[in-house]
2 protein chains.
Amino acid sequence: MPPSGSLQARFLEGDRRALARLITEVENGTEAGRAALRALYRRAGRARTIGITGPPGAGKSTLTNQFAKALRARGQTVGIIAVDPSSPYTQGAILGDRVRMQELSSDPEIFMRSLASRGALGGLSAATLDVIAVLDAFGKDTILIETVGAGQDEVEIAGAAQTTVLVNTPGSGDDIQAMKAGIMEIADVLAVNKADLPGADLLVSQLRALLSLLPDRAWTPPIVKLIATEEVGIDDLVTACDDHWEFLASSGRLREQREERARHQILTLARSQLLAGLMDDEGGGGRLDHLTRAVADGELDPHTAAREWIDQEALA
Amino acid sequence: MPPSGSLQARFLEGDRRALARLITEVENGTEAGRAALRALYRRAGRARTIGITGPPGAGKSTLTNQFAKALRARGQTVGIIAVDPSSPYTQGAILGDRVRMQELSSDPEIFMRSLASRGALGGLSAATLDVIAVLDAFGKDTILIETVGAGQDEVEIAGAAQTTVLVNTPGSGDDIQAMKAGIMEIADVLAVNKADLPGADLLVSQLRALLSLLPDRAWTPPIVKLIATEEVGIDDLVTACDDHWEFLASSGRLREQREERARHQILTLARSQLLAGLMDDEGGGGRLDHLTRAVADGELDPHTAAREWIDQEALA
């Protein structure tokens, strides 16, 4: 048992401020954060995770908020992680948090947090999985992972959830249509938001056509029409996600997913740790400077330089 | 000298098919590709690289094509790399290539190639830098790196160029506006495309306002209005990029950039090589399976599992 009054103890008592603080520690990769993850990891593994992705302007934030409220109406506790890899350079995530939290703040059982990128070596995807584990260990029944952009990062992060909802809107541009084709394969549920706009039925038939091009799978993604701003269709979305959850549990896919994610996480973290080890070695920095100049001068290609650096460190 | 008739020899003679083949070898990380990079790297370092990024629908492809034609009119040879991290699951990049190449095919001095993601461990960013080096060694004067999406990956890839052009259009949605704020800081030139649409002047003043919020820098990004589909304003864009190049060269920033990029590349490649080394070790796979199950069962957190795996391999 953690000492009474400690951060972990308050976390286990359900203190929201302790939860917020622990997420910050985990996100920043501090020793306290690592220790908490080690201690709390056994308590995780019970929550459902649902990823929500789609192009900018599809109304993902509104949809996520409504989704959370619908889950609360069913008696579930909810965590929301809004991941924004597209604004690594500003504090936009924090501003967004405030607006979102005002909207949701009437309900203490919805906990919302934004994550923005922490530079190349940290890895936003790794941080997101850690924060999921913390919310899970805190006892949240369902965790919604909303991504703000539409690139590969966002798709990967949302796709790490057990169920992935791809949000589309009628009348998106050609580029966005092309993107949809690319990410259709990871969608478990297809949401057509702003379904009162012209072209909604056309979009539904386009999505059906795209689905028919994919290889046969045990699960066929349902297409759900909704108007998130008016709370229309949200119940259908919840039902579609419930159906997918039943499929995962009954088919054994849930366990497979869990192992795939665990393996991927170990590989990603091992890579970071190995590199951190190289950087920490005394003298490693100086040797790296030398190789950096050789590459910048065109005397050495970067692959060979990386190999030489590793070999030099192994001998050092 | 490479043996006469070999791939490298034909490459050095300026054979476009040899160039295309070598890019494929490099992209796939084959031994032939690595050997070619080692041999050719000294020939690289002369080309200018210009990244073109911005939200979907901003008209980046059209702008890139017109940019390439304008450079050709100035007697330069041009390489185009279109990077599409957002469609890792389809062959969209290849289809796109065919359409683009038809448009540009009248000019043999424009070489165009699409790159799509190769999964998590390879790294699209690393592949892009390798392909830049190959085009550079081939003798291309300017290499345009166009990114298709708008997430962090795309921004990073385009930002690895010496000059980064951020393309915006009037009347984009709120999400896109938020994104712009995030990536303003890496932009060296701000292009306002579709400048005949309503709201173009508003966008220009918004961009000016955003610029004024950034910390003072030695270079202030110029704002260029253009209509790429009608070839209006392209010359101004070329001039703005030329001005930025002059700034880089005269301020010593060019050399700094080169070293920063080299260091980043060495670190990224070292990380991949270290991990590949772990995976190749006999028995390493089995130990990884064991740890994967422990994490999936919630017995172990993934950070600890990664550490244990590395330690076990070091002893094996």
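All of these numbers come straight from a predicted model, not from anything done at the bench. (Residues numbered from 1 in each chain as written. Chains lettered and ligands numbered in written order. Predicted model: local features only at pLDDT ≥ 70, side-chain atom pairs only at ≥ 80, totals over all residues. Heavy atoms only, no water.)

Enquirer: I keep staring at the overall build of chain A and nothing clicks. Help me out?
Expert: When its secondary structure is counted, chain A shows 13 helices and seven strands. Within chain A, buried positions represent 54% of all 316 residues. The long-range fraction of contacts in chain A, counting pairs at least 24 apart against all pairs at least 6 apart in sequence, stands at 74%. (Helix = DSSP H or I, 4+ residues; strand = E, 2+ residues; numbered from the N terminus. Buried < 20%, exposed > 50% of the residue type's maximum accessible area, 1.4 Å probe, protein only. Contact = heavy atoms within 4.5 Å.)

Enquirer: In this structure, what is going on with the nonpolar core? I would like to understand it.
Expert: A general trend in soluble globular proteins is that nonpolar side chains are found buried together. Counting residues in each nonpolar core, the largest one holds 97 residues, and the members touching the most others are F11(A), I81(A), W309(A), F11(B), I81(B) and W309(B). Sequence-distant contacts of F11(B), defined by excluding residues within four places in its chain, comprise A18(B), L19(B), L22(B), L40(B), V134(B), A137(B) and F138(B). (Core = buried A, V, L, I, M, F, W, Y, C linked by side-chain atoms within 4.5 Å.)

Enquirer: For this particular structure, what's the right way to read the pattern of salt bridges?
Expert: Opposite charge on two side chains permits them to pair, given that their charged atoms come into close proximity. According to the stated counting rule, one finds 28 salt bridges over all chains in the structure shown. Residues R10(B) and D15(B) are paired through a salt bridge, measuring 3.6 Å at the closest nitrogen-oxygen approach. Residue R10(B) is classed as partly exposed on the basis of its relative accessible area of 29%. Within the structure, one salt-bridge network assembled from shared partners comprises R253(A), E256(A) and E260(A). (Salt bridge = Lys/Arg side-chain N within 4 Å of Asp/Glu carboxyl O.)

Enquirer: Can you help me understand the sheet that holds strand β4 (residues 142-147) of chain B in this one?
Expert: Whenever strands of a sheet pair, they do so through backbone hydrogen bonds, lying parallel or antiparallel. All names here are of chain B. Spatial strand order, β3-β2-β4-β1-β5-β6-β7: seven strands in an open sheet with parallel pairing. At either end of the open sheet lies a strand with only one pairing partner, and these are β3 (110-116) and β7 (223-225). Averaged over neighbouring strand pairs, the angle between their axes works out to 20° when direction is ignored. For strand β1 (residues 48-53) and β4, the ladder comprises five bridges, and the chain directions are parallel. (Pairing = 2+ DSSP bridges. Axes fitted to C-alpha atoms, helices over the stretch in contact; angles between N-to-C directions.)

Enquirer: Just to check I follow, could you spell out unusual backbone geometry for this structure?
Expert: Residues other than glycine predominantly adopt negative phi, and peptide bonds predominantly adopt the trans conformation. Residues and elements named next belong to chain B. Residue K194 is not a glycine yet carries a positive backbone phi of 55°. Position of K194 relative to the elements: it lies in the loop between β6 (189-192) and α9 (200-213). Look at E231: it is not a glycine, yet its phi comes out positive at around 60°. Here E231 shows up in the loop between β7 and α10 (234-251). For E231, a relative accessible area of 54% gives the class exposed.

Enquirer: Whenever I open this one, α9(B) confuses me. Can you help?
Expert: Since the α-helix packs 3.6 residues into each turn, any two residues three or four apart lie on the same face. All names here are of chain B. Taking 1.5 Å of rise per residue, the 14 residues of α9 would be expected to cover 20 Å, and the 20 Å separating its terminal C-alpha atoms lies within 8% of that figure. Buried residues of α9: A200, L203, V204, L207 and L211, and no others. Projected down its long axis, α9 shows its buried positions confined to an angular sector of 100°, all on one face. Among the exposed residues of α9, those pointing more than 90 degrees away from its buried face are D201, L202, S212 and L213. (Expected span 1.5 Å × (residues − 1). Arc of directions from axis to C-beta.)

Enquirer: Whenever I open this one, the environment of M112(B) confuses me. Can you help?
Expert: With respect to the helices and strands, the residue M112(B) is situated in strand β3. For M112(B) and V78(B), which are 34 residues apart along the polypeptide, the C-alpha to C-alpha distance reads 8.5 Å.

Enquirer: Help me understand the confidence of the model for chain A in this model?
Expert: Close reading of the predicted structure is inappropriate where its pLDDT is low. Residues and elements named next belong to chain A. On average, residues of chain A score 82 in pLDDT, and 81% of them are at 70 or above. Put simply, helix α8 (residues 174-183) is where chain A has its lowest mean pLDDT, 52, and strand β7 (residues 223-225) is where it has its highest, 97. Throughout residues 87-95 the model reports pLDDT below 50, and contacts reaching past four residues in sequence, or to other chains, amount to 14 contacts. (pLDDT = per-residue confidence, 0-100.)

Enquirer: Would you mind showing me how to read helix α6 (residues 124-138) of chain A here?
Expert: For α6(A), spanning 15 residues, the distance from its first C-alpha to its last is 21 Å, which sits close to the expected 21 Å at 1.5 Å a residue. Backbone geometry just downstream of α6(A) places G139(A) in the positive-phi region, at approximately 110°.

Enquirer: Before we go on, may I ask you to explain the pairing of strand β2 (residues 78-84) of chain A in this structure?
Expert: Consecutive side chains of a regular strand alternate in pointing toward one face of the sheet and then the other. Residues and elements named next belong to chain A. Across the seven residues of β2, seven count as buried, placing the element largely inside the fold. Bridge count for β2 against strand β4 (residues 142-147) is six bridges, and the pairing is parallel. When the sheet's bridge partners are listed, V83 is paired in β4 with T147.

Enquirer: So what exactly am I meant to see when it comes to the side chain of Q273(A) here?
Expert: The topology assignment puts Q273(A) in helix α11 (residues 253-280). In this view, Q273(A) contacts H303(B), A306(B), R307(B) and I310(B); residues no more than four positions away in its chain are not counted.

Enquirer: What exactly am I supposed to notice about the packing of helix α2 (residues 16-27) of chain B against helix α3 (residues 31-40) of chain B here?
Expert: In a pair of packed helices, the angle between the axes and the distance between the axes together describe the arrangement. All names here are of chain B. One can describe the packing of α2 onto α3 by two numbers: an axis separation of 7 Å at closest approach and a directional angle of 110°. The pairing of α2 with α3 is recorded here as roughly perpendicular in orientation. Like other packed secondary-structure pairs, α2 and α3 cross with a definite hand, here left-handed. Residues L22, E25 and V26 of α2 pack against A32, G33, A36, L37 and L40 of α3. (Parallel < 35°, antiparallel > 145°, perpendicular 65-115°, else oblique. Left-handed = near helix turned anticlockwise from the far one by under 90°.)

Enquirer: Would you mind showing me how to read the sheet that holds strand β5 (residues 163-168) of chain A here?
Expert: Residue and element names in this part refer to chain A. Within the open sheet, the seven strands sit side by side as β3-β2-β4-β1-β5-β6-β7. Their pairing is parallel. Edge positions in the open sheet fall to β3 (110-116) and β7, since each of these has one partner strand only. Neighbouring strand axes in the sheet, compared pairwise and without regard to direction, differ in orientation by 20° on average. Across four bridges, the pairing between strand β1 (residues 48-53) and β5 is parallel. Counterpart to T53 in the pairing with β5 is L166. Most of the contacts of helix α4 (residues 60-73) go to β4, to which it runs at about 175°, and overall it touches β1, β2, β3, β4, β5 and β6 (189-192).

Enquirer: Help me understand the pairing of β6(A), please; the structure alone is not making it clear to me.
Expert: All names here are of chain A. Of the two faces of β6, the one carrying V189 and A191 and the one carrying L190 and V192 are both buried. Sheet topology note: the β5/β6 ladder contains four bridges and is parallel. Bridged to N168 within β6 is V192. Relative to β7, β6 runs parallel, the two being bridged by three bridges. Opposite A191, over in β7, you have V224 as the bridge partner. As for the winding sense of the linkage, the β-α-β connection from β6 through helix α9 (residues 200-213) to β7 is right-handed. (Right-handed = clockwise from strand over helix to strand, strands pointing away.)

Enquirer: What should I look at first to understand the environment of G14(B) in this one?
Expert: Residues and elements named next belong to chain B. Mapping G14 onto the fold places it in the loop between α1 (7-12) and α2. Among the residues examined, G14 registers a relative accessible area of 41% and is labelled partly exposed. Through-space distance from the C-alpha of G14 to that of G139 is 8.4 Å; in sequence the pair is 125 residues apart.

Enquirer: Teacher, can you tell me more about the packing of α4(A) against helix α10 (residues 234-251) of chain A here?
Expert: Residues and elements named next belong to chain A. Remark: α4 packs on α10, axes separated minimally by 10 Å, with the N-to-C direction vectors making an angle of 75°. In this view, α4 runs roughly perpendicular relative to α10, as classed from their interaxial angle. Across from L63, Q66, F67, A70 and L71 in α4, the residues of α10 making contact are I234, L237, V238 and C241. Each residue belonging to the contact of α4 with α10 can be placed in one class, and the counts come to eight nonpolar, one polar and no charged. (Nonpolar A, V, L, I, M, F, W, Y, C, P; charged D, E, K, R; others polar.)

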